[in-house]
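# Summary of the model geometry
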Amino acid sequence: MAFKFLQACYGSQPVIYQGIDLWKADWIESHESQILLEPRQGEKYLFDIYYTTIGKKKIKFAFQEITNNVYAFFIDE
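The sections below set out a description of the structure shown in this document. Source: prediction; values computed, not measured.

What follows concerns the nonpolar core. Counting 12 residues, the largest nonpolar core consists of Cys9, Val15, Tyr17, Leu22, Tyr50, Ile54, Ile59, Phe61, Phe63, Tyr71, Phe73 and Ile75. Elements with a contribution of two residues or more to this core: strand E5 (43–54), strand E6 (57–67) and strand E7 (70–76). Of all hydrophobic cores here, the second largest spans 10 residues; its members include Phe3, Ile49, Ile66 and Ala72.

Phi at glutamine 18 is positive, roughly 50 degrees, even though this residue is not glycine. Topologically, glutamine 18 is positioned in the loop between strand E2 (16–17) and strand E3 (20–21). Owing to a relative accessible area of 45%, glutamine 18 belongs among the partly exposed residues under this scheme.

In this section: the sheet that holds strand E1 (residues 3–10). Within the open sheet, the five strands sit side by side as E1-E7-E6-E5-E4. Their pairing is antiparallel. Strands at the two margins of the open sheet, each flanked by one partner only, are E1 and strand E4 (28–38). Averaged over all pairs of adjacent strands, the angle between strand axes in this sheet comes to 30 degrees, irrespective of strand direction. When E5 meets E6, the two strands line up antiparallel, connected through seven bridges. Looking across to E6, one finds that aspartate 48 is bridged to phenylalanine 63.

Scoring rules and cut-offs
Each chain carries its own residue numbering, running from 1 in the direction its sequence is written. Where local features are concerned, this predicted model is filtered to residues with pLDDT of at least 70; where side-chain atom pairs are given and counted, the filter is 80 or more; whole-chain, interface and lining totals use all residues. Only hydrogens and water are set aside; all other atoms, that is, all heavy atoms of the structure, feed into the side-chain values. The nonpolar core is taken to be a set of buried Ala, Val, Leu, Ile, Met, Phe, Trp, Tyr and Cys residues, with the residues joined through side-chain atoms within 4.5 Å. Using a 1.4 Å probe on the protein chains alone, a residue whose accessible area is under 20% of its type maximum counts as buried, one over 50% counts as exposed, and one in between counts as partly exposed. For the purposes of this entry, the term helix denotes a DSSP run of H or I that reaches at least four residues, the term strand denotes a run of E that reaches at least two, and both are numbered from the N terminus. When DSSP finds at least two bridges between two strands, those strands are taken to pair. Angles run from 0 to 180 degrees between N-to-C directions of axes, and those axes are lines fitted to C-alpha atoms, restricted for helices to the stretch in contact.

In structure tokens form, the structure reads like this:
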């Protein structure tokens, strides 16, 4: 599986994946990280990896604040 860019957002603007706002989901920290290319800025950042559950499916995603109050999300698909 590889991480796919999902969305960048300001503040706590909704980040919807499979009908769920990831900001409102329960996050489980994996204590892993990965360097990913943020496509809008064309720069690499170190992203923290988290898990959540949507329905009965465990979802792995990467999250990082890339600049002041701007966040990026990637989904492991």
